[in-house]
Each structure stands twice: as C-alpha cells, then as structure tokens.
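Each chain is listed here by its residues.
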Amino acid sequence: MLVKPRGPGVDSPTEAVVTGWGKVDGRPAYVYSFDFTLLGGSLSEAVGEKISKVMNLAMSTGAPVIGIQDSGGARIQDGSEALRGYGDIFCLNVLASGVIPQLTVIMGPSAGGGAYSPALTDFIFATEGSGQMYITGPDVIRAVTGEEVTHEELGGAHALASRSGVAHFAIQGEEETLAEVRRLLSFLPSNNAEDPPLMPSGDDPDRAEDDLLTLVPAEPNRPYDVREVIDRIVDDGDFMEVHELFAANMVVGFARMAGQSVGIVANQPMVLAGSIDINASRKAARFVRFCDAFNIPVVTLVDTPGYLPGITQEYGGILTHGAKLLFAYSEATVPKITVVLRKAVGGAYLAMGSKSMRTDMNFGWPTTEIPVMGPEGAVNVVYREELANAADPAARRAELIEEYRQKLANPYIAAGRGFLDDVIDPRHTRRKIIRALEMLRNKADHNPPKKHGNIPL
Ligand code: HXC
C-alpha cells in the first residue's frame, strides 16, 4: 500500500511502514514492518491507516498478522492524528484477539504507543541486542523519578522476557528470531474457526519410555527437570517452550502428539519446588486461554506442593492472580488431559486441570499423592496435641507422616473416588495421552450463553 506522508516537512513517496502478505508453510499471513529510516519509523495517521488495512484484511480472510516493530512511537509532528492512528490499531488488536493469531517481533526500539499495540497481541518475540520496548525511555524516567537505567536494562530483550514477562521469547539474531516466528505459526491454526495443521512425524504413537520410570524421584520433595518428561512424551522431543525465562516454576509451550498440536502446561519441581506463585498462575492462565481460543488441546503435567505461601504473595494479590488459573481451566472447552506425575496438593491440585475443572481425562502415575495439604503440614495441624505430649515427638511425627501418606496420599484413593480415570504405567504416558486425544477429536463443549465472563484481572 503506497500512502504518502501528510504531515509537515516530510517529502517521501511512501510512509514509515511496509505492509503486505505472503505465505508461511503454504498458508497466508499478513505482515507490517516499520521503516526506521523514515522519521524513526514513527506512527502518523497514514501509518495507522496502512496497519489497520492489513489487520482488517487478516481478520476478514482468517490469517495471522505479524507486526515487526522498529519505531519511535507516535509521530511527534502529527499530534493528535498520530494518536488516533494508534487508537484504531489498539481497537483492532482487541477485536482480532481470539479470532486470528497476532504475533509481534521487537527488532528495534518500540516506545510509547509502539509498545502498547504489541502488549495487546498474543506472542512477543524480542531480538537480543536490538529489540527494546518500554512505555517511556531512560531520559523521561531520569527526569521524572531520578532513576538511572540504560535502554537495554530497561527494555532489552532479556529484561522483557525475564523481568516483566512482556516478551515470550528473547532470541539471538534477526534471522533466528524470524525462524522462531515461523516455527510458532506451524503449531497454530490460521484462525479460530480452524484446527491446527496435522503434521505427523513418524514418531511411533505407542513408543514406550523406560526412562520415565526413574526420571521422577520417588521422594516427593526431590527436584527434577519436568522438561525431560515433556521431551520424552511429545513427537521427536520437539517442544517449543513459551516464556522460558519468566516464572520458570511453571513450564508452558507447544508440541505435537501423533502430529496433533497440543499446549503443554507443567509444574517445574526444579524451581520453587514447582509451587504456583502469582507469575506462574498468570503465565499458565494466559497460555491455556490462548490454546482454548485456537482449538489447541491442553495437556497438563502436575507435580506441585501447592500455591506458594508468603506475605509478598498475599499482598501481591495471589488470590486474584491464582484464581486466573482456575478460571482459565474451567472455561476452556478444548480437550483437556491431565497427568499427575507425583504430588498434587490442595488448591494447586484443583487449579492444574483437576476433574472439577471439566477435564476430560485424568491419569495418575503410581507415585500420585492428592492430599488437601502436604503430609508434614497436615500432621502438624491434626496431631498438634498428640505431638506436644509424645515422649519422642520427632519419631512420632515421622510415623504419623508415613501413616498419613499411606492412608490419604496414594493414587488408588483418588481413582476410587473418580478423581482419576486411570492409574497408568509411566512408560506408557505418551500412548495414553495420544489415545485420549484421538478419542476427544470431535469434542464439542459449550459454556453458558453470556457476553463474556469476568476473569479476575
Ligand atoms: C518523529 C521521530 C520520533 C517520533 C524518532 N524520530 N522518534 N520523529 N516522531 N516519535 C526521528 C528522530 O528525530 C530522528 O530524525 C530519527 O527519527 C532517528 O531518531 P534518533 O533519535 O536519531 O535515533 P536513535 O538514537 O536510534 O533513538 C531511537 C529512539 C529515539 C530511542 C526511538 O528516537 C526516541 O527516544 N524517540 C522518541 C520516543 C518516544 O518518546 N516516543 C513516544 C512518542 S509518544 P532525524 O531527522 O534526526 O534523522 C507516543 C504516545 C502514544 O507514542 C500513546 C498511546 C497510548
């Protein structure tokens, strides 16, 4: 689209953004990419119109839109007209949310309005070294708050991906960043009316994994890397982790099982013992909602001692943020399959795709424990008096903990009550999940009619 700048003092045959469409793996996708060489890629009214045009086309034809950011924000010379350009884009971002995938690539500066539009999209990729995004840069911060910070510390790729979680991916190199954008698109449908493309790889759906017998330590508190489990159950060990650097106590990402795209959500016992804190809940809830919007089944692997206790968490609003996860799982209508690998305690058990959250198939490994609270804490509460009067409190406590574990914390009690559909051999986890996915392929589920729910934001 060739639109000339209208503002004062700019003589150029076209505006500061390049727009168009192409194909990724044979499927159409729309792109807009800022041109920093024209007034720093700043956004004028005409730039806004060009972007709105491709976004409208993307929505009406049901194809993803990718925005490549390299912009100084609203064109200062254009005043309120530039602001309107942003306003129109923000509104389209919202209308397109859940209809077509919207991806952003931060390859240069993204300041002011140039940062809000990305924040409204589904996934943000930031290129290390060149991509920087913030609402106001270091100069304004110094003037207003007196704080000293560099551009990179404030909004560089690493800061965006690890500190705030605003970016989902921080990647070294521009080519590599764009390759990852294409990789992500391969897991997604073009729009919310389609299923993701089926891409069988030849990896045997019945493949058994002996390693799974030993990967997860039997002792409930011993850490391990849950990504090792994921690698062994998905096709070819190909797992595209999302938000790797943010809230690492929860692992989320895309993979395929017998060629079908799935979203994986897993507690990570290696970080904060796999407990769920504010950021982990926000991260997983947003991911589950994305999967649900785009017809991607959710596979959940559970091994968590519970929600993280603490004053910081309470004051930070763990009740509001933790509830997001309950909300996301409960409202999701895509196929939902949960495997409890070891422990699933209290509220965290409920939130991580429990039966009550309308999950379709719940499996447990023989190491499964589903107590209301951890045995240590439970014994302290229930047997407080007995322990205070015991001749050898430590020995009695150990006895009671073991008793509690035997009585309440084994998979057959949960299975007997219908909380688990099956207790499975860990080696056959891949096969069990794939069979369940096949069984659920035509699942049709609906929520009660409403304008929209009121997720605890
Ligand atoms: C007009 C701009 C511009 C802008 C940069 N330029 N930003 N022109 N409007 N917003 C021009 C510069 O004048 C310069 O022109 C050229 O682009 C390159 O800019 P440099 O500063 O030389 O480049 P660099 O040193 O790489 O710094 C890049 C930058 C910096 C970090 C992006 O330009 C910057 O801080 N710009 C302003 C960022 C900002 O505060 N934007 C917020 C706008 S308000 P010449 O002719 O010298 O080459 C906003 C509100 C929206 O966006 C609110 C919505 C909610």
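Residues numbered from 1 in each chain as written. Predicted model: local features only at pLDDT ≥ 70, side-chain atom pairs only at ≥ 80, totals over all residues. Heavy atoms only, no water.

Quick word on the site of the ligand
Okay, step 1: In the region of the ligand, 17 residues are neighbours, and G40, G72, A74, I76 and G113 sit closest.
Okay, step 2: Residue I76 places a main-chain N or O atom 3.1 Å away from a nitrogen atom belonging to the ligand.
Okay, step 3: Out of a free accessible area of 1000 Å², the ligand has 49% covered by protein chains.
Okay, step 4: When contributions to the shell around the ligand are tallied by element, the ones reaching two or more residues are α2 (80–96), β4 (102–111) and α3 (113–119). (Near = heavy atom within 4 Å. Polar contact = N/O pair within 3.5 Å; in protein donor to acceptor, adjacent residues only side chain to side chain. Areas by Shrake-Rupley, 256 points an atom, 1.4 Å probe, with all protein chains shown as cover. Helix = DSSP H or I, 4+ residues; strand = E, 2+ residues; numbered from the N terminus.)

What to know about the pattern of salt bridges
Okay, step 1: Here the structure, examined in full by the defined rule, presents 29 salt bridges.
Okay, step 2: Residue D238 pairs with R183 through a salt bridge whose shortest N-O separation is 2.9 Å. Here D238, found in the loop between α8 (226–233) and β8 (240–242), pairs with R183, found in helix α7 (residues 174–187); they are 55 residues apart in sequence, far enough to count as distant.
Okay, step 3: For D238, a relative accessible area of 29% puts it in the partly exposed group.
Okay, step 4: Ionic pairing is found between D422 and K432, a salt bridge with its closest N-O pair at 3.3 Å. Taken together, the residues span a long stretch of sequence, with D422 in strand β14 (residues 422–423) and K432 in helix α17 (residues 429–439) at a distance of 10 residues.
Okay, step 5: Using a relative accessible area of 29% as the deciding quantity, one classes K432 as partly exposed.
Okay, step 6: Overlapping salt bridges bring together D203, R207, E209, D235 and R430 as one network. (Salt bridge = Lys/Arg side-chain N within 4 Å of Asp/Glu carboxyl O. Buried < 20%, exposed > 50% of the residue type's maximum accessible area, 1.4 Å probe, protein only.)

Some details on the packing of aromatic side chains
Okay, step 1: In the structure shown here, the tally under the stated rule is 10 aromatic pairs.
Okay, step 2: Centre to centre, the rings of Y32 and F34 are 6.2 Å apart; their planes meet at 85°, and the pair counts as edge-to-face.
Okay, step 3: Overall, Y32 belongs to the buried group, its relative accessible area being 4%.
Okay, step 4: Residue F34 is classed as buried on the basis of its relative accessible area of 8%.
Okay, step 5: Aromatic side chains F187 and F254 sit 6.0 Å apart centroid to centroid with 25° between the ring planes, which places their arrangement in the stacked category. You can see F187 sitting in helix α7 and its partner F254 sitting in strand β9 (residues 250–257), a full 67 residues away along the chain. Like F187, the residue F254 is buried in the burial classification.
Okay, step 6: Taken together through their ring pairs, the aromatic side chains of F123, F187, F254, F287, F290 and F294 make up a single cluster. (Phe/Tyr/Trp six-rings, centres within 6.5 Å; stacked < 30°, edge-to-face > 60°.)

Looking at the sheet that holds β9
Okay, step 1: An order of β8-β9-β10-β11-β12-β13-β14 is seen for the 7 strands of this open sheet, with the pairing classed as mixed. Looking at which strands have only one partner, the edges of the open sheet turn out to be β8 and β14.
Okay, step 2: Pairing analysis gives 6 bridges linking strand β11 (residues 298–304) to strand β12 (residues 336–344), with the strands arranged parallel. What sits directly across from V299, in β12, is I337.
Okay, step 3: Sheet contacts for α17: β9, β10 (260–267), β11, β12, β13 (361–364) and β14; angle to β12, the most-contacted strand, approximately 150°. (Pairing = 2+ DSSP bridges. Contact = heavy atoms within 4.5 Å. Axes fitted to C-alpha atoms, helices over the stretch in contact; angles between N-to-C directions.)

Re the packing of helix α9 (residues 278–293) against helix α11 (residues 318–331)
Okay, step 1: Relative to each other, α9 and α11 sit at 25°, their axes nearing to 8 Å. The orientation of α9 relative to α11 falls into the category roughly parallel. For α9 against α11, the interelement crossing comes out left-handed. For the pair α9 and α11, the contacting residues are I278, S281, R282, A284, A285, V288, R289 and D292 in the first and I318, H321, G322, K324, L325, A328, Y329 and E331 in the second.
Okay, step 2: Here the contact of α9 with α11 is composed, by residue class, of 8 nonpolar, 3 polar and 5 charged. (Parallel < 35°, antiparallel > 145°, perpendicular 65-115°, else oblique. Left-handed = near helix turned anticlockwise from the far one by under 90°. Nonpolar A, V, L, I, M, F, W, Y, C, P; charged D, E, K, R; others polar.)

A closer look at empty space enclosed by the protein
Okay, step 1: Scanning the model with the defined rule gives 3 cavities of 30 Å³ or more in all.
Okay, step 2: There is about 50 Å³ of room inside the largest cavity.
Okay, step 3: What lines the largest cavity is V24, D25, R27, P28, A29, P64, L185 and S186.
Okay, step 4: Counting residues per element, the ones that place at least two in the lining of the largest cavity are β2 (27–34) and α7. (1 Å grid on protein atoms, 1.4 Å probe; cavity = no way out; pocket = protein on both sides within 12 Å on 5 of 7 lines; lining within 4 Å. Points joined across faces, edges and corners; volume = space filled by probe spheres on them.)

A short note on the environment of L420
Okay, step 1: As for its position among the elements, L420 is in the loop between α16 (411–416) and β14.
Okay, step 2: Of the residues examined, L420 reaches a relative accessible area of 4% and is grouped as buried.
Okay, step 3: Between the C-alpha atoms of L420 and D204, which are 216 residues apart in sequence, the distance is 26 Å.

Some points on the side chain of K343
Okay, step 1: Mapping K343 onto the fold places it in strand β12.
Okay, step 2: By relative accessible area, K343 is classed as buried at 6%.
Okay, step 3: Of note is the side chain of K343, whose polar atom sits 2.8 Å from the backbone oxygen of P220.
Okay, step 4: With sequence-adjacent residues up to four places away left out, K343 is seen in contact with P220, N221, V302, D303, T304, P305 and E369.

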